[in-house]
Amino acid sequence: MAFFAVIVRFVEGSGFEDVLFQAGLCSSGSITGVMSGKHYNRCWLVHQAFSEALKRLFIEQYLPTMPEKVEEFAQSDPAQETSLTNIINDDTVKEYVKQCQTQKTKCLNGEFGKTPQYWEKYMELIDRQQKLHFSINTNDYDLKMLIGKKSLPLCFATNRVHYARY
């Protein structure tokens, strides 16, 4: 829950609240709970939806060609026996993932401008929160400590020193 407050401090004043309200993700009364980081479940819902929307925009803008194999897999019936390992090991899919990582790195370095860099950093923070949640659910202590070490400086930077000292 403390890390949601750190993420919210990161996006304060960016228009994040307006987007949430206009998209219908939060009512005007519940935005304050989300922005304070107090409503854990609502924070999960809002941040995952917002991050997913940003990821889709990133893919549309910077990665216009998706391999046909991936599209077919996404549109296929889940009951069919299409092997995920076959798709992951496909050369065109590997090249696509490599291209995606390259574009993401360029975005984080600011090659596409300050606004995409800012929102890519936000998506990185949400990914970090999801990994932390996963580490707790799977009892992966090493991953939890790794995420904690990466997140600790952000607690200091956003004046959340009570959480940072732990």
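Everything below is about the structure shown above.
Worth saying up front: this structure is predicted, and the values here are computed from it rather than measured. (Residues numbered from 1 in each chain as written. Predicted model: local features only at pLDDT ≥ 70, side-chain atom pairs only at ≥ 80, totals over all residues. Heavy atoms only, no water.)

### Some details on the pattern of salt bridges
With the rule as written, the count across this model stands at 5 salt bridges. Close ionic contact of K131 with D127 constitutes a salt bridge, the shortest N to O distance being 3.5 Å. In this pair, K131 and D127 are both assigned in helix 8 (residues 114–137), 4 residues apart and thus about one turn of the helix distant. For D127, a relative accessible area of 28% gives the class partly exposed. Among the charged side chains, a salt-bridge network with shared partners connects K121, E124 and R128. (Salt bridge = Lys/Arg side-chain N within 4 Å of Asp/Glu carboxyl O. Helix = DSSP H or I, 4+ residues; strand = E, 2+ residues; numbered from the N terminus. Buried < 20%, exposed > 50% of the residue type's maximum accessible area, 1.4 Å probe, protein only.)

### A word on the packing of aromatic side chains
A complete count under the given rule lists 10 aromatic pairs for this structure. Taking the centre distance of 4.9 Å and the plane angle of 15° together, the rings of F10 and Y118 count as stacked. Taken as a pair, F10 in helix 1 (residues 2–11) and Y118 in helix 8 lie far apart in primary sequence, 108 residues in all. On the basis of an interplanar angle of 55° and a centroid distance of 5.8 Å, the ring pair of F16 and Y122 is categorised as tilted. Taken together, the positions of F16 in helix 2 (residues 16–23) and Y122 in helix 8 put the pair 106 residues apart, joining distant regions of the chain. Residue classification places F16 among the buried residues on the basis of a relative accessible area of 0%. (Phe/Tyr/Trp six-rings, centres within 6.5 Å; stacked < 30°, edge-to-face > 60°.)

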